[in-house]
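One letter stands for each residue in the lines below.
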Amino acid sequence: MDYCEREQEGKRLHDPLISGKKAERCVWVPGPVIVGAGPSGLAAAACLKEKGVASVILERSNCIASLWQLNTYDRLRLHLPKQFCELPLMGFPSNFPTYPTKQQFIRYLESYAEHFAIQPRFNEAVKEAEFDSSLGLWRVKTTTATEFVCRWVIVATGENAEAVVPEIEGTGEFGGTIKHTSLYKSGGEFKGKKVLVVGCGNSGMEVCLDLCNHNATPSLVVRDTVHILPREMLGKSTFGLSMWLLKWLPIQLVDRLLLIVSWLMLGNTSRFGLDRPPLGPLQLKNLSGKTPVLDVGTLAKIKSGHIMIRPGIKRLRRHTVEFVDGRIEKFDAIIFATGYKSNVPYWLKEGDMFSKEDGYPKKPFPNGWKGENGLYAVGFTKRGLLGASMDAKNIAKDIERCWKAEAKHSTFSLSLLPQSVS
Ligand SMILES: Cc1cc2nc3c(=O)[nH]c(=O)nc-3n(C[C@H](O)[C@H](O)[C@H](O)COP(=O)(O)OP(=O)(O)OC[C@H]3O[C@@H](n4cnc5c(N)ncnc54)[C@H](O)[C@@H]3O)c2cc1C
Ligand SMILES: NC(=O)C1=CN([C@@H]2O[C@H](COP(=O)(O)OP(=O)(O)OC[C@H]3O[C@@H](n4cnc5c(N)ncnc54)[C@H](OP(=O)(O)O)[C@@H]3O)[C@@H](O)[C@H]2O)C=CC1
Ligand SMILES: O=C(O)C(=O)Cc1c[nH]c2ccccc12
């Protein structure tokens, strides 16, 4: 199957209309069921395997790491140095660069899965998971009309499960290309075009740079404040330097230092229409999860006038955008770099662990990984791959304890249960 066919197949399986069938098969899983085969699900499966616990991964797409394989742009690299993005128990190959490319990261994940003999069940989108208190077990239903029955459920569907696209008046009238960054591959198709990129997180900033590099003319909608930091300062990665400084200094002071060096390196970003939030970048990340932009060259294009900054959008008309300041401008295309959301509230029938509003665990970091009745979450820390690795290790330790105790006492009768795992 080639890349495009895989993407089509992935999208078809995301279609909620194909779900809704009644379970026709029932499968007993002796170990945990992990929902999602991204880096978090793979890390959890590997840590469990190391402890002798076999798990089953259910993945809605037809490949591992579908976010990375199907829903990211070509020029993407990890933006934190590789040592902060490794999964547990197996590091990156030493010949990888400091910031591995998307293809290298995918290759790493594929060899990770192979090394730990992890074989997810692909094309199994979980549409409902519920704890059956009469059995003391979870019932996990997928779009292939299968019900998996298990003692533990590990939610690994990610912070980026669904694209967020704002509803804007007149969208139907616009007529030009409109897409979310999750479907953007390269600026090649926008050569010579005027493109409006909405949202100035890491995706929006980098897509603007990519558009410039492909001779398109991007404008960037910035409706709020934003922290932009150079990806590297003083010859070190900004992230690595911050982590090191945080060992010795309070976060407020580290933020001040980051802002001083950023000012020296980038200048006063307000002059280019990018005001900074009142709270420092690390404090803001800790409190709200909002990631600072790690600049890889976009700011220079803003300074040179190759990328224009625009305020929020009021409404759209045919090939036209009306901004909140009254400006009216023609565009050929709009790219929404407006972020992602968790999909947990759509399928997990549970009231305690996850917030119904945002689909994240309610308990703050570092305690969000464990819920009640054998329910766990991996990769919802707003701390990238490093956070996911921490969760995976904690979960494996916790389940191992339970697994060993249950192996000794064998508390539930298998004869009560339907057909065993195939
Ligand atoms: C463009 C981009 C770049 C990033 N770069 C970095 C970086 O450099 N460093 C860093 O630390 N973090 C980075 N992140 C953060 C990102 O969250 C992690 O890289 C990582 O992909 C998270 O892994 P995950 O397994 O939690 O989620 P995902 O990678 O999203 O994997 C979740 C999996 O669950 C599957 N799934 C979802 N719903 C269901 C369902 N109902 N049933 C079955 N399967 C389901 C999905 O198909 C997917 O395969 C980046 C994020 C993005 C969007
Ligand atoms: N490795 C790498 O190089 C990359 C990493 N990433 C990571 O992926 C994750 C997702 O990033 P990203 O896709 O950028 O999403 P983010 O959620 O980080 O950013 C979304 C942006 O869109 C803005 N926005 C949302 N709605 C609107 C609207 N209606 N009008 C105008 N602006 C709007 C938000 O602004 P506001 O604050 O006003 O809500 C915010 O600036 C992050 O963790 C990021 O760090 C992403 C790309 C590259
Ligand atoms: O890429 C992301 O979104 C991450 O969450 C990685 C990350 C965790 N903490 C940070 C602080 C500054 C920049 C990126 C991150």
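Higher on the page you've got the structure.
Keep in mind that what you see is a predicted model, and the values were worked out from it rather than measured.

Asker: What is the right way to read helix 4 (residues 102–115) from this model?
Answerer: Since the α-helix advances by 3.6 residues per turn, residues separated by three or four positions end up pointing in the same direction. The end-to-end C-alpha separation of helix 4 is 20 Å, in line with the 20 Å expected for 14 residues at 1.5 Å each. Those residues of helix 4 not exposed but buried are Lys 102, Gln 104, Phe 105, Ile 106, Tyr 108, Leu 109, Tyr 112 and Ala 113.

Asker: Could you clarify how one ought to interpret the layout of surface pockets in this entry?
Answerer: Rolling a probe over the atoms, with the probe sized like a water molecule, indicates the empty space that remains. Within this model, the second largest pocket holds a volume of roughly 320 Å³. Classifying every residue of the lining of the second largest pocket gives nine nonpolar, six polar and seven charged.

Asker: So what exactly am I meant to see when it comes to the packing of aromatic side chains here?
Answerer: Per the stated rule, a full pass over the model turns up 16 aromatic pairs. An angle of 25° between the planes, with centres 6.3 Å apart, marks the rings of Phe 105 and Tyr 108 as stacked. You can see Phe 105 and its partner Tyr 108 sitting in helix 4, three residues apart, about one turn around the helix. What makes Phe 105 buried here is its relative accessible area of 0%. Since its relative accessible area comes to 1%, Tyr 108 is described here as buried. One Lys or Arg, Lys 194, reaches over the ring of Phe 331 and ends 4.7 Å from the middle of that ring. Here the guanidinium or amino end of Arg 383 rests over the ring plane of Phe 365, the centre of that ring lying 4.0 Å away.

Asker: Can you help me understand empty space enclosed by the protein in this one?
Answerer: Counting across every chain of the model gives one cavity of 30 Å³ or more. Size it by volume and the largest cavity reaches roughly 40 Å³. The class makeup of the residues in the lining of the largest cavity is four nonpolar, two polar and one charged.

Asker: Looking at this model, I keep getting lost on the nonpolar core. Mind explaining?
Answerer: Generally speaking, a soluble globular protein has its nonpolar side chains buried in company with each other. Ranked by size, the top nonpolar core spans 78 residues in total, and within it Tyr 108, Tyr 112, Ile 154, Val 197, Leu 211 and Leu 220 carry the most contacts. Top element by residues in this core is helix 2 (residues 39–50). It accounts for seven residues. The residues that make up this core include at least three from each of domain 1 (3–161 + 342–415) and domain 2 (165–340). Residue contacts for Tyr 112: discarding those within four places in its chain leaves Leu 42, Ala 43, Ala 46, Leu 87, Pro 88 and Met 90. Val 29, Val 56, Trp 138 and Tyr 360 belong to the second largest nonpolar core, which has 23 residues in total.

Asker: Which parts of the structure should I look at to understand the sheet that holds strand 7 (residues 153–155)?
Answerer: Sheet strands line up and pair through hydrogen bonds in the backbone, either parallel or antiparallel. If you walk across this open sheet you meet the four strands as 3-2-7-23, and the pairing is parallel. Every interior strand has two partners, whereas the edge strands, strand 3 (56–58) and strand 23 (375–377), have only one. For this sheet, the mean inter-axis angle between neighbouring strands, taken without regard to orientation, is 20°. Two strands pair when backbone bridges link them, and strand 2 (residues 33–35) and strand 3 are joined in this way by three bridges, in the parallel orientation.

Asker: Would you explain the pairing of strand 17 (residues 313–317) in this entry?
Answerer: For a regular strand, side chains alternate in direction, first toward one face of the sheet and then toward the other. The sheet contact formed by strand 17 and strand 18 (residues 320–323) spans four bridges and is antiparallel. Among the inter-strand pairings, Ile 313 is bridged to a residue of strand 18, identified as Phe 323. From the end of strand 17 to the start of strand 18, which pair antiparallel, there are two residues, and His 319 there has a positive phi angle of about 55°.

Asker: Is there a simple way to think about the sheet that holds strand 4 (residues 126–132) in this case?
Answerer: Across the sheet, five strands lie side by side as 1-6-5-4-22; this open sheet has mixed pairing. The open sheet terminates on both sides in strands that have one partner only, identified here as strand 1 (25–28) and strand 22 (348–349). Looking at chain direction, strand 4 and strand 22 are connected through two bridges and run parallel. Across the sheet, residue Ala 129 finds its bridge partner in strand 22, namely Leu 348.

Asker: What is the right way to read the environment of Val 197 from this model?
Answerer: On the secondary structure map, Val 197 appears in strand 10 (residues 194–198). Taking the relative accessible area as the measure of exposure, Val 197 reaches 0% and is therefore buried. Residues Val 197 and Val 207 lie 10 residues apart in sequence; the distance between their C-alpha atoms is 7.8 Å. Those residues in contact with Val 197 that sit more than four places away from it in its chain are Gly 204, Val 207, Cys 208, Leu 211, Ser 219, Leu 220, Val 221, Ile 335 and Ala 337.

About the cut-offs
- Counting of residues starts from 1 at the beginning of each chain's written sequence and follows it residue by residue.
- Starting at A for chains and at 1 for ligands, labels are handed out in the order in which the entities are written.
- Whole-chain, interface and lining totals are the exception, using all residues; otherwise, since this is a predicted model, local features are given only for residues with pLDDT of at least 70 and side-chain atom pairs are given and counted only at 80 or more.
- As a convention, hydrogens and water are excluded, and side-chain values are obtained from all of the structure's heavy atoms.
- Secondary structure counts use DSSP, requiring at least four H or I residues in a row for a helix and at least two E residues in a row for a strand, with both numbered from the N terminus.
- Expected helix span is given by 1.5 Å per residue-to-residue step, counting one fewer step than there are residues.
- In this scheme, a residue with accessible area under 20% of its type's maximum is buried, one over 50% is exposed, and one in between is partly exposed, where area comes from a 1.4 Å probe on protein chains only.
- Of the grid points, spaced at 1 Å and generated over the protein atoms alone, those admitting a 1.4 Å probe that cannot get out make up cavities, while open sets with protein on both sides within 12 Å along at least five of seven lines make up pockets; any residue with an atom within 4 Å of a point is treated as lining.
- Grid points are joined across faces, edges and corners, and a volume is the space filled by probe spheres set on the points.
- Note that Gly is not counted as nonpolar here; it falls among the polar residues with everything else outside the nonpolar set of Ala, Val, Leu, Ile, Met, Phe, Trp, Tyr, Cys and Pro and the charged set of Asp, Glu, Lys and Arg.
- Each pair of aromatic rings taken from Phe, Tyr and Trp, with Trp reduced to its six-membered ring, is defined by centres within 6.5 Å and is described as stacked if the planes are under 30 degrees apart, edge-to-face if over 60, and tilted in the remaining cases.
- Over a ring means this: the NZ of a Lys or the CZ of an Arg is within 6 Å of the ring centre and within 35 degrees of the ring normal.
- What is meant by a nonpolar core is a set of buried Ala, Val, Leu, Ile, Met, Phe, Trp, Tyr and Cys residues, joined one to another through side-chain atoms within 4.5 Å.
- The split into domains, and so the bounds of each, comes from an automatic or database assignment of domains.
- The criterion used for residue contact is that any of the two residues' heavy atoms lie within 4.5 Å.
- Here, any two strands with at least 2 DSSP bridges between them count as paired.
- For helices, the fitted line uses only the C-alpha atoms of the stretch in contact; every axis is such a line through C-alpha atoms, and the angle between N-to-C directions lies from 0 to 180 degrees.

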